[in-house]
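The primary structure of each chain is shown beneath.
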Amino acid sequence: MTITAGTELPPLTVEATPTFVVASALATRDFQDVHHDRDAAVARGSQDIFLNILTDTGLVQRFVTDWAGPDALVRSVDLRLGVPCYAGDELTFTGRVAEVDGDEVTVSVSGTDSLGEHVSATVRIEVTA
Amino acid sequence: MTAATDGRSTATDAGRRIEEAAREIAGAGASAPDPARDPVNQAMINNWVEAIGDANPVYTDPAAAAASVHGELVAPPAMTQVWTMRGLHGARPDDDPLRRMTELLDEAGYTSVVATNSTQTYHRYLRPGEHVAASAVLEGVVGPKRTALGDGWFVTTRTTWYVGDEAVAEMTFRILKFRPPEPQDPGNSDDGTRTADAAPVLRPVVTRDNAFFWEGLRDGELRIQRWGGTLRHPPGPMPPDGDLEAEPDYVVAAGTGTVYSFLVHHHPPVPGKRLPFVLALVELDEGVRVLGELHDVDPDEVHIGLAVAASFDRIDDDLTLPAWTVRS
């Protein structure tokens, strides 16, 4: 595929059900109570359990490689968290190609939920095909 | 020295202790590489791709992986950090900088944590069977900062993952260790000053730069920061001309001024306030503008230029807020 700057990635929507929040926290071996115990999350000042950052890294990587294909090499993921993604919310990723430099492609990614921008990320991949 | 000043010194000392400890921990350098519980393995990869919903076949399908640029099965790069997570009962090693910093901030009351930034660089893909070890160094600690979650400190660490001597990935990771907001008991007035409604209020962050202002309010003084001949409000760390050598003092304002701008707040509810209330930006006779609630006035009667006088809303022993009443 020919990749040019400005190309929009197909959006990806993830239902952040309580099951998804818990399953992804445990699959990333993150046992912080705020990711699986709602009472504990509320006591710590949150409104519910919320997605952990390792899952965000995984989702951002998946969003980009779903589009770029299995031969794309992920070289870096730089992400910044904004509002939380609480259980019961819906997270939608959008992205566009920010820069193409030979085989190296930089993609800007944004994940938003009902509260606003949950994550903004820059992903650098290498596409050799 | 008043009790109020003692309180400020204690808060500042705590901050200084945290900063000193951070310097010491950063100076100790990187922790010894700590091996992951398990080698990179297919079972954990399968759990991960199932949870994340990642259908990339290079992680799970041997034939597709063999035909790919990798030539064999590989682990998702985003799992790098997963391999060295501590697990349910795992403890960080004694020399782990994040462990030491976390303990200190827990003791100082900053007991909650959220991650805010993660920058991961992958030098190459990992293969099942490889065993990674992680080494971390403290990059910086910044605070206390007021955030939407509460007052807290940002702690930045840098982690390097090794296979043997080969660095395979790196990460800069930032967390916010914060103090969750607690309900505050309202104070009782015994000196004629106003006591706010019985509810917690949004509390200001008192810093070295503005402590004199809040101390003044407790003593019934509206103090304005002064740099030489220039007044500045809100108080800042340096004069408007940026002279880093300058030292501020303050003047006590006469407390009279006029409404420069205002709003009437109807919704949403604000802790400790009865709705609706009037929030006025008042231009003092001294020339600077100060925000505060304007009391005992029909919102329809408020207008720009309205003459007002300072008053003081005593919340509790520690906190008094600036406020205004209409000058008759």
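Treat the numbers as computed from the prediction; the structure is a model and nothing was measured. (Residues numbered from 1 in each chain as written. Chains lettered and ligands numbered in written order. Predicted model: local features only at pLDDT ≥ 70, side-chain atom pairs only at ≥ 80, totals over all residues.)

K.L.:
Can you help me understand the overall build of chain B in this one?
P.N.:
In terms of helices and strands, chain B carries six helices and 14 strands. Considering chain B as a whole, with its 328 residues, one finds that 31% of them fall into the buried category. When contacts within chain B are restricted to residue pairs at least 6 apart in sequence, long-range pairs at least 24 apart make up 63% of them. (Helix = DSSP H or I, 4+ residues; strand = E, 2+ residues; numbered from the N terminus. Buried ≥ 20, exposed ≤ 12 C-beta atoms within 10 Å, placed from the backbone. Contact = placed C-beta atoms within 7 Å.)

K.L.:
I tried to follow the pairing of strand β2 (residues 73-81) of chain A on my own but got confused; where do I start?
P.N.:
Look at any regular strand and the pattern is simple: side chains alternate between the two faces of the sheet. Sheet topology note: the β2(A)/strand β5 (residues 116-126) of chain A ladder contains eight bridges and is antiparallel. Note that in β5(A) the partner of L79(A) across the bridge is A121(A). Alignment of β2(A) against strand β2 (residues 112-122) of chain B, held across five bridges, turns out to be antiparallel. Within the sheet, the bridge partner assigned to D78(A) lies in β2(B) and is T119(B). (Pairing = 2+ DSSP bridges.)

K.L.:
Before we go on, may I ask you to explain the sheet that holds strand β9 (residues 249-252) of chain B in this structure?
P.N.:
Think of a sheet as strands paired side by side through backbone hydrogen bonds, with each pair either parallel or antiparallel. Residue and element names in this part refer to chain B. Read from one edge of the open sheet, three strands run β8-β7-β9, paired in antiparallel fashion. Pairing within the sheet leaves two strands with one partner each, and these edge strands are β8 (230-232) and β9. Averaged over neighbouring strand pairs, the angle between their axes works out to 45° when direction is ignored. Pairing of strand β7 (residues 223-227) with β8, which is carried by three bridges, proceeds in the antiparallel orientation. Within β8, the residue paired with Q225 across the bridge is R232. (Axes fitted to C-alpha atoms, helices over the stretch in contact; angles between N-to-C directions.)

K.L.:
So what exactly am I meant to see when it comes to the confidence of the model for chain B here?
P.N.:
Predicted coordinates in areas of low pLDDT are best not read in detail. Residue and element names in this part refer to chain B. For chain B, the average pLDDT comes to 88, and 91% of its residues sit at 70 or higher. Within the model, pLDDT remains below 50 along residues 1-9, and this stretch shows eight contacts once partners closer than five positions in the same chain are excluded. Predicted confidence for residues 183-199 stays below pLDDT 50, and this span has 34 contacts to residues more than four positions away or in other chains. This complex was scored by the predictor with a pTM of 0.66 and an ipTM of 0.97. (pLDDT = per-residue confidence, 0-100.)

K.L.:
Sorry, what's going on with the interface of chain A and chain B here?
P.N.:
Interface size is commonly expressed as the accessible area that is lost once the parts come together. Counting from both sides, the interface comprises 30 residues of chain A and, opposite them, 33 residues of chain B. Its residues assigned to classes, the side of chain A that touches chain B shows twelve nonpolar, ten polar and eight charged. (Nonpolar A, V, L, I, M, F, W, Y, C, P; charged D, E, K, R; others polar.)

K.L.:
In this structure, what is going on with unusual backbone geometry? I would like to understand it.
P.N.:
What you tend to see is this: most non-glycine residues have negative phi, and most peptide bonds are trans. The peptide bond linking H233(B) to P234(B) adopts the cis configuration, its omega dihedral lying at 0°. Within the fold, P234(B) resides in the loop between β8 and β9. Across the junction of L275(B) and P276(B), the peptide omega takes the value -10°, indicating a cis bond. A positive phi angle is found at R29(A), which is not glycine, with a value near 60°. Here R29(A) lies in the loop between α1 (18-27) and α2 (38-43). Even without being glycine, D296(B) reaches a positive phi, approximately 55°. Counting through the fold element by element, D296(B) comes out in the loop between β12 (289-295) and β13 (307-314). When the 11 C-beta atoms within 10 Å are taken as the criterion, D296(B) is described as exposed.

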